[in-house]
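Here are the chains, one letter per residue:
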Amino acid sequence: MEPRSVDVLDRSRRRMLLGFAIAFMVWQVPTVLDEVLTGRIPNQYGTYLTILAAAAGVVWLVFAISYLRTARAIARDPNAAAALDDERLRDNRSRSYAVGFWTLGGLLIMTRLLSMVWDVSVSAVSQVGLMLAVVVPIVTFLLLERE
Amino acid sequence: MPDAFPLRNRLKALRAEKNWTQADLAEQVGVTRKTINTVERGVFTPSTLLALKLAHAFETTVEEIFWIDEERST
């Protein structure tokens, strides 16, 4: 395995992850807004948001498929697979999951406190939680992996 | 927070002696070039296994590559 191709696969994987995270967030934000602002979004903007969400959903699917293809390309070479899952990467992955865990914990605590003064929607919280659970660990990992 | 026992290394000098790039060394020990980079800069502390692999690659001992900065640790 050429040393450069490990770098190329690494960069490709990070690009896919970044696209995946951004597309997922753009896809989910309209739904989150809809849940949180229940009925307060004017119809015209609601339509635009729906179109944006649908487009972002398609883009997310493309990135998800591209990421799987990159993962398969990596798996085809055991040396590259081992290098791209080395101890530093595993360490960064663990830290990213930990940040995601504490973010969700913070969301739950915030929800609990808000519910004392406000009627908090379960579906809104779960939608926000879903978005954070996916995006926060990915973004954390990418920040830890930046050059 | 600064480490009380900062780990230093001679990886860059050893690489230069052998005319190896970070990518060359990374391939030999089975990690990414970025991992070698972060170890050299003292950002990432390698495991015992990785330290031994690096020593093996340079045909030397771990203590010849890594040491604790005694002046800063006291």
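I will try to describe carefully the structure that is included in this document. (Residues numbered from 1 in each chain as written. Chains lettered and ligands numbered in written order. Predicted model: local features only at pLDDT ≥ 70, side-chain atom pairs only at ≥ 80, totals over all residues. Heavy atoms only, no water.)

### Focus on the packing of helix α2 (residues 22-29) of chain B against helix α4 (residues 48-57) of chain B
Residues and elements named next belong to chain B. As a packed pair, α2 and α4 sit with axes 9 Å apart at the nearest point and diverge in direction by 115 degrees. In terms of orientation, α2 lies roughly perpendicular with respect to α4. Handedness of the crossing formed by α2 with α4: right-handed. Packed against α2, whose contacting residues are Leu25, Gln28 and Val29, the element α4 presents Leu50, Lys53, Leu54 and Ala57 at the interface. (Axes fitted to C-alpha atoms, helices over the stretch in contact; angles between N-to-C directions. Helix = DSSP H or I, 4+ residues; strand = E, 2+ residues; numbered from the N terminus. Parallel < 35°, antiparallel > 145°, perpendicular 65-115°, else oblique. Left-handed = near helix turned anticlockwise from the far one by under 90°. Contact = heavy atoms within 4.5 Å.)

### What about the layout of surface pockets?
Once rolled over the atoms, a probe with the size of a water molecule shows which space is left empty. Residues and elements named next belong to chain A. Counted as a void, the largest pocket has a volume near 330 Å³. Surrounding the largest pocket, 15 residues form its lining, Val36, Trp118, Val120, Ser121 and Ala124 being those nearest its centre. Among the secondary structure elements, those contributing two or more residues to the lining of the largest pocket are α1 (3-36), α4 (87-114) and α5 (122-145). Ranked by the residues each element gives to the lining of the largest pocket, the list is headed by α4, at four residues. For the lining of the largest pocket, the class distribution of residues is nine nonpolar, three polar and three charged. (1 Å grid on protein atoms, 1.4 Å probe; cavity = no way out; pocket = protein on both sides within 12 Å on 5 of 7 lines; lining within 4 Å. Points joined across faces, edges and corners; volume = space filled by probe spheres on them. Nonpolar A, V, L, I, M, F, W, Y, C, P; charged D, E, K, R; others polar.)

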